[in-house]
Amino acid sequence: MKTNVLIVAILLVLFTSCKNQKSSEDFGISATTSSTENSEALALFQQKCYACHSVITKSHSEIIAPPMIAVKKRYSMQYDNKEDFVNAVVAYASDPKVENALMPGAIDKFKPMPKQAFEEKDLRKIATYIYENQIETPVWFEDHFQQNHKNGQGMGMGMKNNK
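Residues numbered from 1 in each chain as written. Predicted model: local features only at pLDDT ≥ 70, side-chain atom pairs only at ≥ 80, totals over all residues. Heavy atoms only, no water.

Caption draft 1: Layout of the overall build of the chain. For the chain, the count of helices and strands is eight helices and zero strands. Starting at the N terminus and walking to the C terminus, you meet the elements of the chain as α-α-α-α-α-α-α-α. Across the 163 residues in the chain, those meeting the buried criterion constitute 39%. Considering only contacts within the chain whose residues lie at least 6 apart along the sequence, 77% involve residues at least 24 apart. Taken as a whole, the chain presents about 9900 Å² of accessible surface, with 54% of it coming from carbon and sulfur. (Helix = DSSP H or I, 4+ residues; strand = E, 2+ residues; numbered from the N terminus. Buried < 20%, exposed > 50% of the residue type's maximum accessible area, 1.4 Å probe, protein only. Contact = heavy atoms within 4.5 Å. Areas by Shrake-Rupley, 256 points an atom, 1.4 Å probe, with all protein chains shown as cover.)

Structure, rendered in structure tokens:
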């Protein structure tokens, strides 16, 4: 049963990503990111991140990791420029530890992200993609965010302050 759900989830992501492909202008990609680099980064993002950070869940109770839009929102609150944002995402994904986490609610619910065997160059591409592009949002996310994270509360404020 779980295998069937996983297969359906993967197929949905693939089909929706094909139908919803946007031009680089739609995403506001910087002039330094080519469409080839962006396509490669999107593919890495979908292959390496969506298995856990799914956008097709029906509710907050179904998720196994925070949706990437939540990660982007939280890291954007802490890091207001691309270089710092990318470096912070890469640092955490390379060595996920509780003391380095910006999202204590996610740590409480899911525990730290399991250490992955990602190459740093791939993580940099993924983090750059997240920073530069609109990220798919689960249908339930905005309601959840408004109810639970008013004015940034619950988004890890105060757990770590790198500014």
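Caption draft 2: Spotlight on the packing of helix H3 (residues 35-49) against helix H7 (residues 120-132). Where H3 meets H7, the axes come as close as 8 Å, and the angle between the chain directions of the two elements is 100°. In terms of their interaxial angle, H3 and H7 are classed as roughly perpendicular. Touching Asn38, Glu40, Ala41, Leu42, Leu44, Phe45, Lys48 and Cys49 of H3 are Asp122, Lys125, Ile126, Tyr129 and Ile130, all from H7. Residue classes in the contact of H3 with H7 are distributed as eight nonpolar, one polar and four charged. (Axes fitted to C-alpha atoms, helices over the stretch in contact; angles between N-to-C directions. Parallel < 35°, antiparallel > 145°, perpendicular 65-115°, else oblique. Nonpolar A, V, L, I, M, F, W, Y, C, P; charged D, E, K, R; others polar.)

Caption draft 3: How the structure looks around the pattern of salt bridges. Enumeration according to the criterion identifies seven salt bridges in this entry. With its nearest N and O atoms 2.6 Å apart, the salt bridge here joins Glu40 to Lys125. Of the two residues, Glu40 sits in helix H3 while Lys125 sits in helix H7, which places them 85 residues apart along the sequence. Judged by its relative accessible area of 37%, Glu40 is partly exposed. As a salt-bridge pair, Asp95 and Lys115 come within 3.9 Å of each other at their nearest N and O atoms. Of this pair, Asp95 sits in the loop between helix H5 (82-94) and helix H6 (104-110) while Lys115 sits in the loop between H6 and H7; the two residues are 20 residues apart in sequence, bridging distant segments of the chain. When its relative accessible area of 31% is taken as the criterion, Asp95 is described as partly exposed. Among the ionic contacts, a cluster of salt bridges with common partners joins Asp95, Lys97 and Lys115. (Salt bridge = Lys/Arg side-chain N within 4 Å of Asp/Glu carboxyl O.)

Caption draft 4: Spotlight on the packing of helix H4 (residues 68-78) against H5. At a minimum axis separation of 10 Å, H4 and H5 run at an interaxial angle of 125°. Compared by their axis directions, H4 and H5 come out oblique. In this structure, H4 crosses over H5, and the sense of that crossing is right-handed. Between H4 and H5, the contacting residues are Lys72, Tyr75 and Ser76 on the first element and Phe85, Ala88, Val89 and Tyr92 on the second. Of the residues in the contact of H4 with H5, the class split is five nonpolar, one polar and one charged. (Left-handed = near helix turned anticlockwise from the far one by under 90°.)

Caption draft 5: Representation of the packing of aromatic side chains within the structure. Under the counting rule described, the total for this entry stands at five aromatic pairs. Aromatic pair Tyr75 and Tyr79: ring centres 6.2 Å apart, planes at 25°, arrangement stacked. Where Tyr75 meets Phe85, the ring centres are 6.2 Å apart and the plane angle is 75°; that geometry is what we call edge-to-face. Here the residue Tyr75 occupies a position in helix H4, and Phe85 occupies one in helix H5, the gap between them amounting to 10 residues. In this structure Tyr75 comes out as buried when scored by relative accessible area, which is 6%. (Phe/Tyr/Trp six-rings, centres within 6.5 Å; stacked < 30°, edge-to-face > 60°.)

Caption draft 6: Region of interest: H5. With 13 residues, H5 extends 18 Å between its outermost C-alpha atoms, agreeing within 8% with the 18 Å of an ideal straight helix rising 1.5 Å per residue. Among the residues making up H5, those that are buried are Phe85, Val86, Ala88, Val89, Val90, Tyr92 and Ala93. Looking at the buried positions of H5, the neighbouring elements they touch are H4, H6 and H7. The residue sitting at the N-terminus of H5 and contributing the capping side-chain oxygen is Asn81; that oxygen lies 3.2 Å from the backbone nitrogen of Glu83. (Expected span 1.5 Å × (residues − 1). Polar contact = N/O pair within 3.5 Å; in protein donor to acceptor, adjacent residues only side chain to side chain.)

That is the geometry; function is a separate question.
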